[in-house]
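Next come the chains, spelled out residue by residue.
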Amino acid sequence: MPNSFSLVFLAALLLMCALRLWLAGRQIAHVIAHRAQVPSGFAGRIELVAHHKAADYTVARTRLGRIGLAVEVVLLLAFTFAGGLQALHDFWSVRVDGLLYGLLLIFSVLLISALVDLPLALYHQFVIEQRFGFNRMSLKLFVFDLLKQATLAVAIGAPVVLAVLWLMARMGSFWWLYVWLFWCAFNLLLLFIYPTWIAPLFNSFIALDDAPLKARIEALLARCGFASSGLFVMDGSRRSSHGNAYFTGFGKNKRIVFFDTLLGRLQPPEVEAVLAHELGHFRHRHVLRRIALLFAMSLAFLAVLGQLIDATWFYNGLGVETPNTVLGLILFVLAGPVFTFLLTPLLSLLSRRDEFEADRYAAENTSASNLITALVKLYEDNAATLTPDPLHSLFYDSHPPAALRIARVQAA
Ligand SMILES: [Zn+2]
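Described below are features of the structure shown in this document. (Residues numbered from 1 in each chain as written. Predicted model: local features only at pLDDT ≥ 70, side-chain atom pairs only at ≥ 80, totals over all residues. Heavy atoms only, no water.)

## Quick word on the environment of Leu64
- As for its position among the elements, Leu64 is in helix H2 (residues 48-79).
- Taking the relative accessible area as the measure of exposure, Leu64 reaches 12% and is therefore buried.
- Along the sequence, Leu64 and Leu115 sit 51 residues apart, while their C-alpha atoms lie 17 Å from each other.
- In this structure Leu64 touches Leu120, Tyr123, His124 and Ile128, once residues within four positions along its chain are discounted. (Helix = DSSP H or I, 4+ residues; strand = E, 2+ residues; numbered from the N terminus. Buried < 20%, exposed > 50% of the residue type's maximum accessible area, 1.4 Å probe, protein only. Contact = heavy atoms within 4.5 Å.)

## Observations regarding the nonpolar core
- Residues Leu85, Leu105, Met168, Trp175, Phe314 and Ile330 are the most contacted members of the largest nonpolar core, which totals 57 residues.
- Considering every element that reaches this core, the biggest residue donor is helix H12 (residues 325-340), with nine residues.
- Counting 46 residues, the second-largest nonpolar core is a separate cluster that includes Leu371, Ile372, Leu378 and Leu386. (Core = buried A, V, L, I, M, F, W, Y, C linked by side-chain atoms within 4.5 Å.)

## Description of the packing of aromatic side chains
- This model, assessed by the stated rule, comprises 15 aromatic pairs.
- Taking the centre distance of 5.8 Å and the plane angle of 35° together, the rings of Trp183 and Phe186 count as tilted. Residue Trp183 and its partner Phe186 are located together in helix H6 (residues 175-202), separated by three residues, close to a single helical turn.
- For Phe186, a relative accessible area of 15% gives the class buried.
- Above the plane of the ring of Phe232 lies Arg255, whose end atom (NZ or CZ) is 4.1 Å from the centre. (Phe/Tyr/Trp six-rings, centres within 6.5 Å; stacked < 30°, edge-to-face > 60°. Lys NZ or Arg CZ within 6 Å of the ring centre and 35° of its normal.)

## Focus: the coordination of the zinc ion
- For the zinc ion, the protein coordination sphere consists of His277 (NE2), His281 (NE2), Glu355 (OE) and Glu355 (OE), at 2.0 to 2.7 Å.
- Note that the zinc ion binds four donor atoms; their angles at the metal cover 52 to 136°, and the shape is irregular.
- Positions of the donor residues of the zinc ion along the chain correspond to the pattern H-x3-H-x73-E. Taken together, the residues span a long stretch of sequence, with His281 in helix H9 (residues 268-283) and Glu355 in helix H13 (residues 344-365) at a distance of 74 residues. (Donors = N, O, S within 2.8 Å, 3.2 Å for Na, K, Ca; no water. Tetrahedral: all angles 85-135°; square planar, octahedral: opposite > 155°, others 65-115°.)

## Topic: the sheet that holds strand S2 (residues 231-234)
- In spatial order, the strands read S1-S2-S4-S3; together these four strands make up an open sheet with mixed pairing. This sheet does not close on itself; its edge strands, each paired only once, are strand S1 (205-207) and strand S3 (245-248). Each strand of the sheet is rotated relative to its neighbour by a mean of 30°, with strand direction disregarded.
- Strand direction decides the pairing type here: S2 and strand S4 (residues 255-259), joined by four bridges, are parallel. For Leu231, the partnering residue across the bridge sits in S4 and is Ile256.
- Along the sheet, H9 contacts S3 and S4; its crossing angle with S3, the most-contacted strand, is approximately 35°. (Pairing = 2+ DSSP bridges. Axes fitted to C-alpha atoms, helices over the stretch in contact; angles between N-to-C directions.)

## Topic: the layout of surface pockets
- Computed from the structure, the second largest pocket encloses a volume of approximately 280 Å³.
- Secondary-structure elements contributing two or more residues to the lining of the second largest pocket are H13, helix H15 (390-396) and helix H16 (402-411).
- Among the elements that make up the lining of the second largest pocket, the one with the highest residue count is H13 (four residues).
- Partitioning the lining of the second largest pocket into residue classes produces 11 nonpolar, four polar and two charged. (1 Å grid on protein atoms, 1.4 Å probe; cavity = no way out; pocket = protein on both sides within 12 Å on 5 of 7 lines; lining within 4 Å. Points joined across faces, edges and corners; volume = space filled by probe spheres on them. Nonpolar A, V, L, I, M, F, W, Y, C, P; charged D, E, K, R; others polar.)

## As for the pairing of S4
- Across the five residues of S4, five count as buried, placing the element largely inside the fold.
- Sheet topology note: the S3/S4 ladder contains four bridges and is antiparallel. In the sheet register, Tyr246 faces S4, and the bridge partner there is Val257.

Structure (structure tokens):
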């Protein structure tokens, strides 16, 4: 039955919704208000048509985000106060027990959430991305991807869930410490196997064979003191025309991956500048710091869960009358984001600081002007708005607004 924790949770949920809707409203209004004209810093570099497209794309996605929020909240309330999770427990607990009960309960919740999200994912890909010319996927490929993702989720997820449930049941009151260690090890393993085992299930990677570009990149790597075990081109164009480049792996096992869409659009010196930005993230240890931060945060969350798992008020307050560790874990994962949402601006701030640092590294090791023209092209190609609402950007954006980034690069 509802208790005072129910009220705390509802209040946090209301606060989150109000904040997200308010920020979305500000973003839409700000983008529309600046739609008529290309901002002065970009005049002559970005066409009015492209500026309009970026504004309309941003507004369309922000509107879809509001619908997504509504769906998310309804689902959360259905699982908790409306008794959805209790009903799933009642269903499975009379049929199976032990680890199998936990596994089926967790997968039921995941499956229901995925099915509820599916219409929005379809709408995003085949209506919004389609309308703005970004979608390259057929429905067949979408379904294929979905099946592959589901298979992977079961193949990798089931053993992980079983291991976590086993640790929770067997390791006494400090189970959360063991789960944390296991979780960290699993994530490191995933980072390690992702480029070579998982990514190739979805895309093809071929060695970069453009000799002049390769020579240029190798010179950059040597200049910056990096060793790489390979330069690859990924067929990102199979799914989307958005372009990107990334750098994965550890130690000597690093590989550099360019989306074919990026190479098709940027000149070699610009590709070099974009890659130098990625190298900057490594040189300044952003990647390691990010992993360390995520591990520290998961330790804190697990320690909190370690306290909540025996607290009856936590279950009752969220619509569950039959406390057990599996339900505790699920409730924590469902309800946690409502509280941790308030950390978003802090994480965004840290990320933007890293981006400035990586930009500076790229400008120092390649050329500021090539970095700027590359950034302008990428903003244009991805229809990223040049005029975000400052507060919305402060709260959410992992990358600084284009105008600020370029001003910093020019000043460096
Ligand atoms: Zn970056």
